[in-house]
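# Structural description and commentary
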Amino acid sequence: MIVGAAIIAGGRVLACARSAPPEVAGMYEFPGGKVEPGESEVAALARECAEELAVRVEIGQRVGRDVRMAHGRSVLKVYTARLLHGDEPTALEHSAMRWLSAAELDTVTWLPADAPIVAALRPLLLATPT
């Protein structure tokens, strides 16, 4: 199981550019990663956000559907999240980060697994007060 965080602030979502492996470097994703054995999805997502972005987050609702990953062995589940305690993300494992409004979601190249989530996220961003 892979979990991702759609971190929303001020009507924008955080998109992170992969630094590796080479075939996906520069493509954008929602931060996150593998759920470890015995770990809940929410706990895994909070841990991954701390490891990748040095932020504390509150995990919210699911976004979109389960997405089967390209290799077929894992499923991606994405949740909304919000930053806590005024934390600001730092790109510790990504080559770049961008805050995107609903109108800007298509200005980056998303990883194939994240693309269906982007479509489900657009109405949420439009409904979020800025």
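Scroll up to find the structure.
A short tour of the structure in this document, coming up.

## Concerning the nonpolar core
Core analysis: the biggest nonpolar cluster contains 23 residues, and V13, F30, W110 and L121 have the highest contact counts within it. For this core, the elements supplying multiple residues, two or more each, are β1 (2–9), β2 (12–18), β5 (57–68), β6 (75–83) and α2 (115–127). No other element matches the four residues that α2 contributes to this core. Apart from the residues within four sequence positions on either side, F30 is in contact with A5, A6, V13, L14, V78, W110, D114, I117, V118 and L121. By size, the runner-up hydrophobic cluster in this structure holds 16 residues, among which are V3, L53, V55 and V57.

## Brief notes about the pattern of salt bridges
Under the definition given, this model contains ten salt bridges. For R12, the salt bridge is made with E104, and the minimal N-O distance between the two is 2.6 Å. On the criterion of sequence distance, the pair formed by R12 in strand β2 and E104 in the loop between β7 (94–100) and α2 is long-range, its members being 92 residues apart. Residue classification places R12 among the partly exposed residues on the basis of a relative accessible area of 32%. R47 is the partner of E48 in a salt bridge, and the nearest nitrogen-oxygen pair spans 3.2 Å. Overall, E48 belongs to the buried group, its relative accessible area being 9%. Residue class for R47 comes out partly exposed when judged on its relative accessible area of 22%. It is possible to trace a salt-bridge network through shared partners that takes in E39, R47, E48 and E51.

What counts, and at which threshold
Residues numbered from 1 in each chain as written. Predicted model: local features only at pLDDT ≥ 70, side-chain atom pairs only at ≥ 80, totals over all residues. Heavy atoms only, no water. Core = buried A, V, L, I, M, F, W, Y, C linked by side-chain atoms within 4.5 Å. Buried < 20%, exposed > 50% of the residue type's maximum accessible area, 1.4 Å probe, protein only. Helix = DSSP H or I, 4+ residues; strand = E, 2+ residues; numbered from the N terminus. Contact = heavy atoms within 4.5 Å. Salt bridge = Lys/Arg side-chain N within 4 Å of Asp/Glu carboxyl O.

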